[in-house]
There are 2 protein chains.
Amino acid sequence: MLAKAIDALHARTFFAAFPENPSPATYGESADSNGREKFQSMMGQKFDELGQADAQDWIGNEESPYTQESLEIKYPSIPVSLLVTRATTAFHVWRKVNVQDRAGILLESLDRLKSRFFEIAYATMHTTGQGFMMAFQASGPHAADRALEAIAAGYEEQQRFPSKAVWDKPMGKFNIQLNKEWRAVPKGVSLVIGCSTFPTWNSVTGIYASLVTGNSVIIKPHPGAILPIAIFVAEIRKVLVENNLDPNICQLAADTSDKMITKDLAEHPDVKLIDFTGNSAFGSYLEGLPGKSVFTEKTGVNSVILDSVEDVDKVAANLAFSVNLYSGQMCTAPQNFYIPESGIKTAQGTVSFDEFAKKLADNINSLVDNPKAGPFVLGAVQNKKTCERITAVEKLPGKVWLKSRTFENPQFKRARVATPVLLEVDSSKKDIFSEELFGPIALLIKTKNTDQSISLAKELALKHGAISCGAYSTDAAIREKIADEMALAFTPVSFNLTGGIYMNQNAAFSDFHVTGGNPAGNASFTNPDYVNKRFTWVGHREPLSVNR
Amino acid sequence: MLAKAIDALHARTFFAAFPENPSPATYGESADSNGREKFQSMMGQKFDELGQADAQDWIGNEESPYTQESLEIKYPSIPVSLLVTRATTAFHVWRKVNVQDRAGILLESLDRLKSRFFEIAYATMHTTGQGFMMAFQASGPHAADRALEAIAAGYEEQQRFPSKAVWDKPMGKFNIQLNKEWRAVPKGVSLVIGCSTFPTWNSVTGIYASLVTGNSVIIKPHPGAILPIAIFVAEIRKVLVENNLDPNICQLAADTSDKMITKDLAEHPDVKLIDFTGNSAFGSYLEGLPGKSVFTEKTGVNSVILDSVEDVDKVAANLAFSVNLYSGQMCTAPQNFYIPESGIKTAQGTVSFDEFAKKLADNINSLVDNPKAGPFVLGAVQNKKTCERITAVEKLPGKVWLKSRTFENPQFKRARVATPVLLEVDSSKKDIFSEELFGPIALLIKTKNTDQSISLAKELALKHGAISCGAYSTDAAIREKIADEMALAFTPVSFNLTGGIYMNQNAAFSDFHVTGGNPAGNASFTNPDYVNKRFTWVGHREPLSVNR
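Owing to the predicted nature of the structure, the values given are computational and were not obtained by experimental measurement.

Enquirer: Looking at this model, I keep getting lost on the overall build of chain A. Mind explaining?
Expert: The secondary structure content of chain A amounts to 19 helices and 20 strands. For 548 residues, the compact-globule estimate of 2.2 N^0.38 gives 24 Å, and the C-alpha radius of gyration of chain A, at 25 Å, lies within 12% of that figure. Each of the three principal axes of chain A carries a C-alpha extent, and together these read 85 × 65 × 45 Å. Residues classed as buried in chain A amount to 63% of the 548 residues present. Counting only contacts in chain A whose residues sit at least 6 apart along the sequence, the fraction spanning at least 24 positions is 75%. Total accessible area on chain A is roughly 19,100 Å²; 51% of this is exposed by carbon and sulfur atoms. Considering chain A, the positive charge centre built from 56 side chains and the negative charge centre built from 60 side chains are found 5 Å apart.

Enquirer: I tried to follow the relation of the copies chain A and chain B on my own but got confused; where do I start?
Expert: The pair of chain copies shares a relation made of a rotation about an axis and a shift along it. Overlaying chain A with chain B gives an RMSD of 0.0 Å, the required rotation being 180° about an axis along which the chain moves by 0.0 Å. The operation mapping one copy onto its partner corresponds to a two-fold rotation axis. Residue A:Asp529 of chain A places its C-alpha closer to the rotation axis than any other residue of that unit, at 3.0 Å.

Enquirer: Looking at this model, I keep getting lost on the nonpolar core. Mind explaining?
Expert: In globular proteins that are soluble, nonpolar side chains generally tend to be buried together. Core analysis: the largest hydrophobic core is formed by 125 residues, its most contacted members being B:Phe47, B:Leu110, B:Tyr208, B:Leu252, B:Leu306 and B:Phe356. By residue number, the principal contributor to this core is helix α7 (residues 132-157) of chain B, which donates 13 residues. Beyond its immediate stretch of four places on either side in the chain, B:Leu110 contacts B:Phe18, B:Ala144, B:Ala147, B:Leu148, B:Ile151, B:Tyr208 and B:Phe232. Core analysis: the next-biggest nonpolar cluster, separate from the first, contains 124 residues, A:Val99, A:Ala103, A:Phe117 and A:Phe412 among them.

Enquirer: Hey, could you run me through the pairing of strand β18 (residues 469-472) of chain B in this one?
Expert: Looking down a regular strand, the side chains alternate between one sheet face and the other. All names here are of chain B. Burial of the side chains of β18 extends over both faces: Cys-469 and Ala-471 are buried on one face and Gly-470 and Tyr-472 on the other. Looking at chain direction, strand β10 (residues 303-306) and β18 are connected through 4 bridges and run parallel. Of the residues in β18, the one forming a bridge with Ile-305 is Ala-471. One ladder, built from 2 bridges, connects β18 with strand β19 (residues 494-495); its direction is parallel. Looking across to β19, one finds that Gly-470 is bridged to Ser-494.

Enquirer: Help me understand the pairing of strand β6 (residues 216-220) of chain B, please; the structure alone is not making it clear to me.
Expert: Residues and elements named next belong to chain B. Burial of β6 is extensive: 5 of the 5 residues sit out of reach of the surface. On β6, burial covers both faces: Ser-216, Ile-218 and Lys-220 on one face and Val-217 and Ile-219 on the other are all buried. In the sheet, strand β5 (residues 189-193) pairs with β6 via 5 bridges, with the strands oriented parallel. Residue Val-189 lies in a different strand from β6, and its bridge partner there is Ser-216. Pairing analysis gives 3 bridges linking β6 to strand β7 (residues 250-252), with the strands arranged parallel. Its bridge partner being in β7, Val-217 is matched across the sheet by Cys-250. For the crossover that starts at β6, traverses helix α9 (residues 227-242) and ends in the parallel β7, the hand is right-handed.

Enquirer: What should I look at first to understand the confidence of the model for chain A in this one?
Expert: Predicted coordinates in areas of low pLDDT are best not read in detail. All names here are of chain A. Summary statistics for chain A give a mean pLDDT of 95 and a share of 97% for residues scoring 70 or more. When the criterion is pLDDT under 50, residues 8-14 qualifies, and its contacts beyond four places in sequence or with other chains add up to 29 contacts. In the predicted assembly, ipTM is 0.96 and pTM is 0.96.

Enquirer: Please clarify how the sheet that holds strand β5 (residues 189-193) of chain A should be interpreted in this entry.
Expert: By definition, the strands of a sheet pair up through backbone hydrogen bonds, in either a parallel or an antiparallel sense. Residues and elements named next belong to chain A. Strand order across the open sheet formed by 5 strands is β7-β6-β5-β8-β9, with parallel pairing between neighbours. Every other strand in the sheet has two partners, leaving β7 (250-252) and β9 (293-297) as the edge strands with one partner each. With direction set aside, neighbouring strand axes in the sheet form an average angle of 15°. Taken together, the 5 bridges between strand β8 (residues 271-277) and β9 define a ladder with parallel strand orientation. Looking across to β9, one finds that Phe-276 is bridged to Thr-296. Contacting β5, β6 (216-220), β7 and β8, helix α4 (residues 80-94) crosses the sheet at an angle of about 145° to β6. Running over the sheet, helix α9 (residues 227-242) touches β6 and β7 and is turned about 145° from β7.

Enquirer: What am I meant to see in the side chain of A:His126 here?
Expert: For A:His126, the location among the structural elements is in helix α6 (residues 117-128). Apart from the residues within four sequence positions on either side, A:His126 is in contact with A:Phe39, A:Glu63, A:Ser64, A:Pro65, A:Tyr66, A:Leu71 and A:Phe412.

Enquirer: Explain the pattern of salt bridges here, please?
Expert: By the definition in use, this model includes 74 salt bridges over all chains. Note that B:Glu408 and B:Lys413 form a salt bridge whose closest N and O atoms lie 2.9 Å from each other. B:Lys413 carries the same exposure label as B:Glu408, and that label is exposed. Connected through shared salt-bridge partners, A:Lys38, A:Glu49, A:Arg116, A:Glu119, A:Glu235 and A:Lys238 make up one network.

Enquirer: Sorry, what's going on with the packing of aromatic side chains here?
Expert: Each aromatic ring pair is specified by the distance between its two centres and by the angle formed by the two planes. For the coordinates displayed, the defined rule picks out 46 aromatic pairs over all chains. The interplanar angle of 85° and the centroid separation of 5.2 Å between the aromatic rings of A:Phe161 and A:Trp537 together place this pair among those described as edge-to-face. Residue A:Phe161 is found in the loop between α7 (132-157) and β3 (164-170), and its partner A:Trp537 is found in strand β20 (residues 535-543); the two are separated by 376 residues along the sequence. An identical accessibility class is assigned to A:Phe161 and A:Trp537; each is buried. Judged by centre distance (5.2 Å) and plane angle (75°), the ring pair of A:Phe512 and B:Phe161 falls under edge-to-face. You can see A:Phe512 sitting in the loop between β19 (493-495) and α19 (528-532) and its partner B:Phe161 sitting in the loop between α7 and β3 (164-170), one on each of two chains. Of the residues examined, A:Phe512 reaches a relative accessible area of 6% and is grouped as buried. Taken together, the ring pairs in this structure connect A:Phe18, A:Tyr27, A:Phe117, A:Phe118, A:Tyr122, A:Phe132 and A:Phe136 into an aromatic cluster. The side chain of A:Lys399 reaches across the aromatic face of A:Trp401, ending 3.7 Å from its centre.

Enquirer: In this structure, what is going on with the side chain of A:Arg541? I would like to understand it.
Expert: Note that A:Arg541 resides in strand β20. Exposure remark for A:Arg541: the relative accessible area of 7% places this residue in the buried category. Non-local contacts of A:Arg541, meaning those with residues more than four positions away in its chain, are made with A:Leu178, A:Asn179, A:Lys180, B:Val493, B:Ser494, B:Phe495, B:Tyr502, B:Met503, B:Gln505, B:Asn506 and B:Asp511.

Enquirer: Honestly, the environment of A:Asn518 in this entry has me stumped. Any pointers?
Expert: All names here are of chain A. With respect to the helices and strands, Asn-518 occurs in the loop between β19 and α19. By relative accessible area, which is 7% here, Asn-518 ends up buried. In this structure, the C-alpha to C-alpha distance between Asn-518 and Phe-490, residues 28 residues apart in sequence, is 6.0 Å. Those residues in contact with Asn-518, other than ones at most four positions away along the chain, are Ala-461, Gly-465, Ala-466, Ala-489, Phe-490 and Thr-491. Side-chain polar atoms of Asn-518 contact the backbone oxygen of Ala-489, separated by 3.0 Å.

Enquirer: Looking at this structure, how should I read helix α15 (residues 384-394) of chain B?
Expert: Residues separated by three or four positions in an α-helix point in the same direction, a consequence of the helix having 3.6 residues per turn. All names here are of chain B. For α15, every residue scored as buried is listed here: Thr-386, Ile-390 and Val-393. The arc enclosing the buried residues of α15, seen along the axis, measures out at 65°, which places them on a common side. Those residues of α15 that are exposed and aimed more than 90 degrees away from the buried face are Lys-385 and Glu-388. Of the surrounding secondary structure, the elements contacted by the buried residues of α15 are β16 (421-426) and β17 (441-447). If you check the start of α15, you find a side-chain oxygen 2.9 Å away from the backbone N of Lys-385, and it comes from Asn-383.

Enquirer: Honestly, the sheet that holds strand β13 (residues 344-346) of chain B in this entry has me stumped. Any pointers?
Expert: Residue and element names in this part refer to chain B. As summarised here, the arrangement of the 3 strands in space is β11-β13-β14, forming an open sheet in which the pairing is mixed. Edge strands, defined here as strands with exactly one partner in the open sheet, are β11 (308-309) and β14 (349-351). Pairing of β11 with β13, which is carried by 2 bridges, proceeds in the parallel orientation. From the neighbouring strand, Val-309 faces β13, where its bridge partner is Thr-346.

Enquirer: Help me understand the environment of A:Thr536 in this model?
Expert: Position of A:Thr536 relative to the elements: it lies in strand β20. What makes A:Thr536 buried here is its relative accessible area of 4%. For A:Thr536 and A:Arg183, which are 353 residues apart along the polypeptide, the C-alpha to C-alpha distance reads 8.0 Å. Setting aside anything within four residues of it in sequence, one finds A:Thr536 in contact with A:Arg183, A:Ala184, A:Val185, A:Lys187, B:Phe490, B:Thr515 and B:Gly517.

Enquirer: What should I look at first to understand the interface of chain A and chain B in this one?
Expert: How big an interface is tends to be stated in terms of accessible area lost as the parts join. Facing 72 residues of chain A, the contacting portion of chain B comprises 72 residues. Counting each side, the surface lost to burial between chain A and chain B is near 6,100 Å², with a carbon and sulfur contribution of 56%. If you look at where chain A meets chain B, you find 16 salt bridges. In this structure, B:Arg541 and A:Asp511 form a salt bridge, with 2.9 Å as the shortest nitrogen-oxygen distance. If you look at where chain A meets chain B, you find 38 residue pairs in polar contact (both at pLDDT 80 or more). Here the side of chain A that touches chain B is built from residues that sort into 33 nonpolar, 17 polar and 22 charged.

Here is what the cut-offs are and how they apply
- Residues numbered from 1 in each chain as written.
- Chains lettered and ligands numbered in written order.
- Predicted model: local features only at pLDDT ≥ 70, side-chain atom pairs only at ≥ 80, totals over all residues.
- Heavy atoms only, no water.
- Helix = DSSP H or I, 4+ residues; strand = E, 2+ residues; numbered from the N terminus.
- Rg over C-alpha atoms; globule rule 2.2 N^0.38 Å.
- Buried < 20%, exposed > 50% of the residue type's maximum accessible area, 1.4 Å probe, protein only.
- Contact = heavy atoms within 4.5 Å.
- Areas by Shrake-Rupley, 256 points an atom, 1.4 Å probe, with all protein chains shown as cover.
- Lys, Arg positive; Asp, Glu negative; His and termini not counted.
- Charge placed at Lys NZ, Arg CZ, Asp CG, Glu CD.
- Least-squares fit on C-alpha atoms with pLDDT ≥ 70 in both.
- Core = buried A, V, L, I, M, F, W, Y, C linked by side-chain atoms within 4.5 Å.
- Pairing = 2+ DSSP bridges.
- Right-handed = clockwise from strand over helix to strand, strands pointing away.
- pLDDT = per-residue confidence, 0-100.
- Axes fitted to C-alpha atoms, helices over the stretch in contact; angles between N-to-C directions.
- Salt bridge = Lys/Arg side-chain N within 4 Å of Asp/Glu carboxyl O.
- Phe/Tyr/Trp six-rings, centres within 6.5 Å; stacked < 30°, edge-to-face > 60°.
- Lys NZ or Arg CZ within 6 Å of the ring centre and 35° of its normal.
- Polar contact = N/O pair within 3.5 Å; in protein donor to acceptor, adjacent residues only side chain to side chain.
- Arc of directions from axis to C-beta.
- Buried area = accessible area lost by both parts, 1.4 Å probe.
- Nonpolar A, V, L, I, M, F, W, Y, C, P; charged D, E, K, R; others polar.

Shown next as structure tokens:
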């Protein structure tokens with residue numbers, strides 16, 4: 001399995017170890033109902049699978065965006081100093097386990113987690129508001145793929161250089177011979193700070209990258225989305241115990257929104273590595289902490305550049321799906337749509353700005369109003385503040401092409417929902433469209449021409465960050481211009497997507513997630529730096545014994 | 001040649017493309033005299049090989065530590081804004097040259113430089129104060145080896161991932177097929193800031209690493225040691241011109257000590273990469289500049305741990321050489337010698353602290369007083385302040401086992417010279433021995449036992465940095481303890497060196513120089529991060545055209 005993962009990493013072609021669809025044929029007839037029941041049985045209980053001793057309290061205030069009621073699940077609250085002391089002790093155990101065994105143990109944990117994908121899906125759904133399908137895919141198989149990718153990358157990087165070699169230097173009359181050896185020395189205690197929207201997908205890469213490189217890990221989930229990652233931590237700890245290792249190699253550090261422990265953990269001098277997904281202000285604070293290696297995914301402004309298309313209806317349908325998907329709560333969701341004032345060239349003639357705006361609005365509406373698709377694609381809104389932001393956007397100067405509204409989720413009448421708002425903004429109003437407006441918010445920006453569209457998309461990516469970019473052009477020279485200019489802003493571009501593939505999507509083993517080159521984040525899933533920065537090469541040397 | 005370099009990098013075994021000894025058999029009978037004459041003919045002249053237009057002035061105040069007279073060589077002074085504008089224009093040319101061609105051009109420049117190693121040696125000698133042999137080896141072949149290593153590493157890392165692949169995802173009834181492509185996008189303008197003691201060795205790694213990854217480079221040498229690296233820059237520019245490329249891909253930015261331009265360059269928003277060798281205060285300032293990738297080699301406190309030895313005289317001779325070599329002006333020179341109060345165990349019984357101190361002093365003296373070796377091993381003192389530091393150390397509380405003195409250099413009567421001072425310090429006086437005392441200064445620290453020696457060496461490396469560590473023990477368990485503890489302080493250890501190999505020495509293709517893990521610096525010659533941080537992977541994707 002490991003060899004396969006390594007090969008896959010080398011090839012960077014499509015690879016998935018974990019079937020992404022929750023089909024009964026793959027996971028068993030009763031997997032779904034068992035998972036749902038397991039999730040339901042956890043509600044109102046202590047989550048006692050972790051075996052983390054000496055809880056000073058049992059805490060938790062997760063709430064389902066579908067029911068707007070508390071899950072009433074409680075997690076152990078362990079003092080920060082005790083968490084770090086335990087992590088430090090465990091570090092000195094774990095760092096001495098060789099890389100092969102570390103990788104084996106971590107792969108075993110992923111294999112175990114496969115049988116818990118349904119529970120994790122329901123846990124994700126009722127903390128993040130994702131629809132069931134996305135919750136299953138993103139928190140289960142896709143997260144596990146990202147974890148596997150991190151294991152493979154760490155396994156490979158730690159073996160880039162030989163563990164020992166004889167250095168033989170001719171000096172004329174004699175040779176100097178040294179035994180040289182190189183050790184991949186882990187940094188120490190690693191802190192992984194989770195987010196509320198993708199509690200496993202955005203965290204497991206850092207967790208597994210730190211673990212495979214020999215660091216101990218403390219996971220501080222977002223207080224609104226603890227359960228999904230708690231199940232991961234529980235399974236990792238169980239495999240550690242079975243291998244007679246200290247389970248505190250991997251600990252959960254739950255907290256509640258009224259008493260956050262993130263800063264106390266991050267600023268602790270023994271914490272050497274920090275992974276973070278979340279807002280830019282906190283991410284930049286973490287990046288500035290002295291003496292730490294910090295990996296961030298922060299906010300960005302994602303653009304769509306519309307120049308020319310083959311079939312404008314397919315394009316509008318594809319982009320409407322991207323905007324609706326999880327109600328725009330993905331870090332890869334499009335926000336700024338740049339459309340030339342002269343319109344979009346198509347095979348059937350030019351489609352004006354207004355015609356395209358209407359098409360996009362219509363496609364969004366028809367998806368929302370499709371009872372078999374809408375509620376499941378949009379899911380629910382994780383955070384009340386997102387709804388407030390939508391209201392504020394509707395008051396901005398500019399034509400509102402589509403107002404946000406609610407819809408009925410047949411399963412969950414009390415679900416917190418909001419459909420996308422579409423606002424037209426002139427390209428001169430840069431202050432409006434140069435910040436991330438998280439949630440189901442799309443801005444239609446009228447530009448002079450495609451060159452200005454490219455220039456604005458690039459400028460905003462460089463200044464404010466970008467994680468994804470969509471672009472539509474039938475002209476190869478314009479596509480290459482966009483590819484080159486956005487590359488200089490370190491932003492990946494999805495060209496001419498139609499049909500069942502969307503710019504929001506991001507596959508392990510072939511898409512680097514966040515490039516690390518613009519303000520949207522300083523790290524990338526999973527390039528060599530992502531694992532290399534978690535350990536340090538140290539070389540020792542000594543004369544061959546015969547020469548002593 | 002390139003394939004060989006790549007192979008060598010993989011193997012990390014001994015490899016040298018450039019013969020390190022200045023023998024007539026290798027370099028030609030007249031190479032030495034030609035090189036010396038060429039150097040002498042440069043004195044008093046404008047260095048006009050660069051072809052950098054629009055100099056606002058011709059400047060330079062280099063001085064030979066051997067004659068204490070000005071070299072009177074003048075370099076073009078170009079305004080910072082013009083340097084950066086030219087570098088930016090050249091960047092967009094250079095980034096479009098493919099990796100193979102970039103590597104080929106850079107290898108060609110190294111091959112040309114081979115014929116200038118003697119000039120470079122004399123230039124190094126008369127700016128740094130190094131003895132001729134070190135000046136030849138360090139600034140010529142060893143620097144070229146480090147440059148070659150950087151080229152090989154950059155070449156390899158930029159090809160870690162394929163430039164394109166088809167991503168084929170089964171969706172049940174159909175497959176989604178995307179063309180995915182990955183670009184290694186260089187960061188932009190790179191600034192390399194040189195030091196006064198190793199003007200080429202410490203700079204070429206950054207220069208060639210930035211160039212091979214597609215960045216344009218501005219080299220800001222130390223105002224006291226411009227000529228050696230100016231010759232490198234001139235040769236690189238000539239090869240660029242021959243290949244019809246903008247020579248401003250690589251520019252020299254000379255200044256004088258009374259009007260330094262380093263900060264103006266470093267803070268320029270278009271400068272994205274900075275390499276620096278020098279003092280910790282300036283290095284930390286550079287590391288703190290926002291929006292830059294910074295590679296530093298700063299100061300450290302290097303330790304020698306003496307526990308037990310086979311032949312104490314061989315050990316004393318080896319360490320005396322390490323202390324005398326270039327009058328202790330190497331960043332890898334030992335400073336703190338930890339000796340147990342009970343003495344050093346040897347095959348012939350215990351050697352007391354005092355006996356070892358005397359042996360070390362005697363060995364230093366006998367090397368200094370050997371007219372065939374002393375002047376050439378010690379060389380001259382680059383900076384007057386080093387002499388002032390020696391005087392200050394002799395006034396510190398503690399027994400002075402050896403006072404610093406001068407000696408006669410037969411060739412250069414006015415050479416600025418100083419022999420090592422040996423001061424005994426109690427292990428309780430940590431404030432004295434916990435800072436770098438650059439120059440021919442060695443402290444003999446009396447510890448309770450080897451455990452305390454290890455503990456102090458580790459603590460100082462973690463708090464104040466360390467680039468090298470020497471250790472002597474005949475006990476395998478103690479050696480492993482030292483190896484493990486110093487690895488946790490990210491410091492490489494040379495064990496039991498005697499004979500013609502010294503802890504100060506550091507070979508390309510097998511010794512990572514500076515680990516990047518402790519305060520002595522945040523970068524390492526040449527690990528994958530050293531080149532990977534100079535570019536960013538950006539992936540674009542588009543449906544296969546048949547599906548559009």
